[in-house]
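Here is how the chains run, residue by residue.
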Amino acid sequence: NAGVTQTPKFRVLKTGQSMTLLCAQDMNHEYMYWYRQDPGMGLRLIHYSVGEGTTAKGEVPDGYNVSRLKKQNFLLGLESAAPSQTSVYFCASSYTGRNTGELFFGEGSRLTVL
Amino acid sequence: AQSVTQPDIHITVSEGASLELRCNYSYGATPYLFWYVQSPGQGLQLLLKYFSGDTLVQGIKGFEAEFKRSQSSFNLRKPSVHWSDAAEYFCAGGDNNNDMRFGAGTRLTVKP
């Protein structure tokens, strides 16, 4: 049982380049999330989805876009990468909302923007 | 605004010693509270959660946490730490408005 899988695990970009992070879950969860983790700041929510075809902004959405075309997949896009987006990105999913339910996390994607 | 604070950035304990990691929250009503653990290079894993009822909750790996409304705290404890407990620990709090926030984390080092 794979759980939550993120690809790629590592990526180096130049300023202004674009990229997409893919998250896939096999637990049939309705809710999916993208977080970024920075030293001393914990995890901050970028965008989330409460079901197929839906997306919503989290705490730090600027510079990112997301799509949830299929229930099992949640894509995070950076249209024009900036050094401030250097971070470790985590995808998570849950059966109920994140405020009440257990979040299942992927192993993270480390992004460096030069 | 709702927030979760972990006052200790880094804690070092000897193997076999007891452990307490602090967490304070600022929520108006009784929050939903969680502790997650992150091993190096891994995602986060849920240790335990509190919604209501008994204020002492038991979790996986021998951890427990106590909700104290008077102190706005939800501290994580373990009677005897093992070397494999070295990790980063995150407290998180949620409310009825589908909001949830993580603390900044406490890194635990275990001395042999």
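A.B. asks: What am I meant to see in the state of the cysteines here?
C.D. replies: Covalent bonding between the sulfur atoms of two cysteines is what defines a disulfide. All names here are of chain A. One pass over the full model with this rule turns up two disulfides over all chains. In this model, Cys-23 is linked to Cys-91 through a disulfide, with the two sulfur atoms separated by 1.9 Å. Handedness here is read from the sign of the S-S torsion; for Cys-23 and Cys-91, about -75°, the answer is left-handed. A residue pair is termed long-range when its members are at least 10 positions apart, and Cys-23 in strand β3 (residues 19-25) and Cys-91 in strand β9 (residues 87-94) qualify at 68 residues.

A.B. asks: Is there a simple way to think about the interface of chain B and chain A in this case?
C.D. replies: Interface extent is often summarised as the accessible area lost during association of the parts. Contacts between chain B and chain A engage 21 residues on the former and 19 residues on the latter. In total, about 1,700 Å² of surface goes out of reach between chain B and chain A, with carbon and sulfur atoms giving 51% of it. When the area that chain B buries against chain A is broken down by residue, the three leading residues are B:Asn98, B:Met100 and B:Phe102, summing to 33%. Where chain B meets chain A, there are one salt bridge. Of the charged contacts, one joins A:Glu59 and B:Arg101 as a salt bridge, the two residues approaching to 3.6 Å between their closest N and O atoms. Where chain B touches chain A, the interface holds two residue pairs in polar contact (both at pLDDT 80 or more). Every element with two or more residues in the side of chain B that touches chain A is listed here: β5 (32-38), β6 (44-50), β10 (87-94) and β11 (100-102) of chain B. In terms of residues, the side of chain B that touches chain A owes the most to one element, β5(B), which gives four residues.

A.B. asks: Explain the nonpolar core to me, please; I cannot follow it from the model alone.
C.D. replies: Nonpolar side chains in soluble globular proteins tend to end up buried together. All names here are of chain B. Formed by 26 residues in total, the largest nonpolar core has its most connected members in Leu-19, Trp-35, Leu-47, Leu-48, Phe-74, Leu-76 and Tyr-89. Contributions of two or more residues to this core are made by β2 (10-14), β3 (19-21), β5, β6, β8 (64-68), β9 (73-78), β10 and β12 (106-111). Once residues within four sequence positions are removed from consideration, Leu-48 is found in contact with Leu-33, Phe-34, Trp-35, Val-57, Gln-58, Gly-59, Phe-63, Glu-64, Ala-65, Phe-74 and Leu-76.

A.B. asks: When you look at the environment of B:Ser39 in this model, what are you seeing that I'm missing?
C.D. replies: Residue and element names in this part refer to chain B. Its location among the elements puts Ser-39 in the loop between β5 and β6. By relative accessible area, Ser-39 is classed as partly exposed at 29%. When the C-alpha atoms of Ser-39 and Lys-78 are compared, they prove to be 17 Å apart, with 39 residues separating the residues in sequence.

Analysis parameters
- Residues numbered from 1 in each chain as written.
- Chains lettered and ligands numbered in written order.
- Predicted model: local features only at pLDDT ≥ 70, side-chain atom pairs only at ≥ 80, totals over all residues.
- Heavy atoms only, no water.
- Disulfide = S-S within 2.5 Å.
- Helix = DSSP H or I, 4+ residues; strand = E, 2+ residues; numbered from the N terminus.
- Contact = heavy atoms within 4.5 Å.
- Buried area = accessible area lost by both parts, 1.4 Å probe.
- Salt bridge = Lys/Arg side-chain N within 4 Å of Asp/Glu carboxyl O.
- Polar contact = N/O pair within 3.5 Å; in protein donor to acceptor, adjacent residues only side chain to side chain.
- Core = buried A, V, L, I, M, F, W, Y, C linked by side-chain atoms within 4.5 Å.
- Buried < 20%, exposed > 50% of the residue type's maximum accessible area, 1.4 Å probe, protein only.

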